Amino acid sequence: WEPTEWIVDLFGAKGACVLLAGDKGSGKSVFMYRMAEALQKGEPFMTELQTKQSKVFIWQADESRNNAKAKIKLMELKGEFSYLFNDDEYGNYLDINVLRRTIQVNKYKVVFIDSITGLLMGNGINIKDSEFSKPLYQLNNLASELEILIVISAHLTKEDRSEVNLNDILGTGTQSGAVSDIWSIWTDEHNDELFYLKCLGKRNCEKGIIWKLQGNREDYSFKLIEAGNGDILPDKKTQLANKVLLELMSEKVKLTYQ
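Residues numbered from 1 in each chain as written. Predicted model: local features only at pLDDT ≥ 70, side-chain atom pairs only at ≥ 80, totals over all residues. Heavy atoms only, no water.

Following Asp114, the chain continues to Ser115 via a peptide bond in cis, the omega torsion being 0°. Here Ser115 is to be found in the loop between strand E6 (110-114) and helix H4 (116-121). Despite not being glycine, Glu76 shows a phi value in the positive range, around 50°. Here Glu76 lies in the loop between helix H2 (65-75) and strand E5 (82-85). In this structure, Lys107 takes a positive phi of about 60° despite not being glycine. (Helix = DSSP H or I, 4+ residues; strand = E, 2+ residues; numbered from the N terminus.)

Here you go:
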């Protein structure tokens, strides 16, 4: 057993495939782009989540190169990224062996796929078929094998909601068991620049964590401003954890948990 090694603190772990579920227009694509930017530079994401500087590969499977360029240009993403678009060769078909070779040759440490729903449905895979989950298992195994982080987005069954749960994710129910962790993102019903991000579980992220994000519709940026359920913000949590460790190490005497 080894402790969790975070690539994006509290969100994405090394060796994991993370599924990010959200409605169309919920901000999941630009959220992934901004996370990629932070990783490329090794800077905190949303001012709160520490990142490990990594070489990033972005697969935009829902949009053509020309359609995606406008959003990427508006965001003014900083960093040299490797992109694959829907209309590129292999851009609309998931071949695990080709993806594995691409990652190994280019030494990518983080891969984003937006979206896995569009990628699979575009190849005639029925969302209610058990075959829908097979590629997700393959991606999770690939992340573990190569010790990288893979983040994939997924669509939801319906729109206009105040929260997202596992039953809202489009596709067969078995896909939730195929990945390491699942997060959901949705917009505030009264303010389209407020977003909520929630961990739905499983292996690494703490189930039930909910964060409130301040978005910016002009530059598509995010800032983590509040933690829900009486929790504290990640950076403050790290500071307190370090204080506890220092306290434990400062006194060379036997201590109980009390």
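Now for the sheet that holds strand E9 (residues 194-202). Spatial strand order, E5-E4-E6-E7-E3-E8-E9-E10-E11: nine strands in an open sheet with mixed pairing. Single-partner strands in this sheet number two, and they are E5 and strand E11 (221-227). Looking at each pair of strands side by side, their axes are set apart by 20° on average, direction ignored. Bridge count for strand E3 (residues 17-22) against strand E8 (residues 181-187) is five bridges, and the pairing is parallel. Bridging from a neighbouring strand, Leu20 pairs with Trp183 of E8. Across the sheet, helix H1 (residues 28-41) lies against E3, strand E4 (56-60), E6, strand E7 (149-154), E8, E9, strand E10 (210-216) and E11, angled at about 165° from E6, the strand it touches most. (Pairing = 2+ DSSP bridges. Axes fitted to C-alpha atoms, helices over the stretch in contact; angles between N-to-C directions. Contact = heavy atoms within 4.5 Å.)

Of all hydrophobic cores here, the largest spans 40 residues; its most connected members are Phe11, Phe31, Phe112, Trp183, Leu197, Trp211 and Leu213. In terms of residue count, H1 provides more of this core than any other element does, eight residues in total. Ignoring anything within four residues of it in the chain, the contact list for Trp211 reads Leu10, Leu49, Trp183, Phe195, Tyr196, Leu197, Leu224, Glu226, Ala227 and Pro234. If you look at the next biggest cluster of nonpolar residues, it comprises 37 residues, including Ala61, Ile182, Trp186 and Tyr196. (Core = buried A, V, L, I, M, F, W, Y, C linked by side-chain atoms within 4.5 Å. Buried < 20%, exposed > 50% of the residue type's maximum accessible area, 1.4 Å probe, protein only.)

Those residues of helix H3 (residues 96-106) that sit buried are Ile96, Val98, Leu99 and Ile103. Here the buried residues of H3 occupy an arc of 165° about the axis, which is enough to place them on one side. For H3, the secondary structure elements touched by its buried residues are E4, E6 and helix H5 (134-146). The positive-phi residue at the C-terminal boundary of H3 is Lys107, with phi of around 60°. (Arc of directions from axis to C-beta.)

Alignment of E4 against E5, held across four bridges, turns out to be parallel. The residue of E5 that forms the bridge with Trp59 is Leu84. Read from E4 through H2 to E5, the crossover connection turns out right-handed. (Right-handed = clockwise from strand over helix to strand, strands pointing away.)

So, about the packing of H1 against H2. Helices that pack against each other are described as a pair by the angle of their axes relative to one another and the distance between those axes. H2 packs onto H1 with a crossing angle of 55° between their chain directions and a minimal axis gap of 12 Å. Looking at the two axes, H1 sits oblique to H2. By crossing handedness, the relation of H1 to H2 is classed as right-handed. Each of Ser29, Val30, Tyr33 and Arg34 in H1 lies in contact with H2, whose residues at this interface are Lys71, Ile72 and Met75. Split by residue class, the contact of H1 with H2 holds four nonpolar, one polar and two charged. (Parallel < 35°, antiparallel > 145°, perpendicular 65-115°, else oblique. Left-handed = near helix turned anticlockwise from the far one by under 90°. Nonpolar A, V, L, I, M, F, W, Y, C, P; charged D, E, K, R; others polar.)

Residues of H2 that are buried: Ala68, Ile72 and Met75. Within H2, the buried residues cover an arc of 55° as seen down the axis, which keeps them to one side. Facing away from the buried side of H2, by more than 90 degrees, are the exposed residues Asn66, Asn67, Ala70 and Lys73. Of the surrounding elements, those touching the buried residues of H2 are H1, E4 and E5.

What follows concerns the side chain of Asp114. If you trace the backbone, Asp114 turns up in strand E6. With no salt bridge to any partner, buried Asp114 finds its closest opposite charge in Lys28, at an N-O distance of 5.6 Å. With sequence-adjacent residues up to four places away left out, Asp114 is seen in contact with Ser29, Met32, Trp59, Gln60, Ala61, Asp62 and Ser153. (Lys, Arg positive; Asp, Glu negative; His and termini not counted. Salt bridge = Lys/Arg side-chain N within 4 Å of Asp/Glu carboxyl O.)

Any functional reading would require information beyond the geometric quantities listed.
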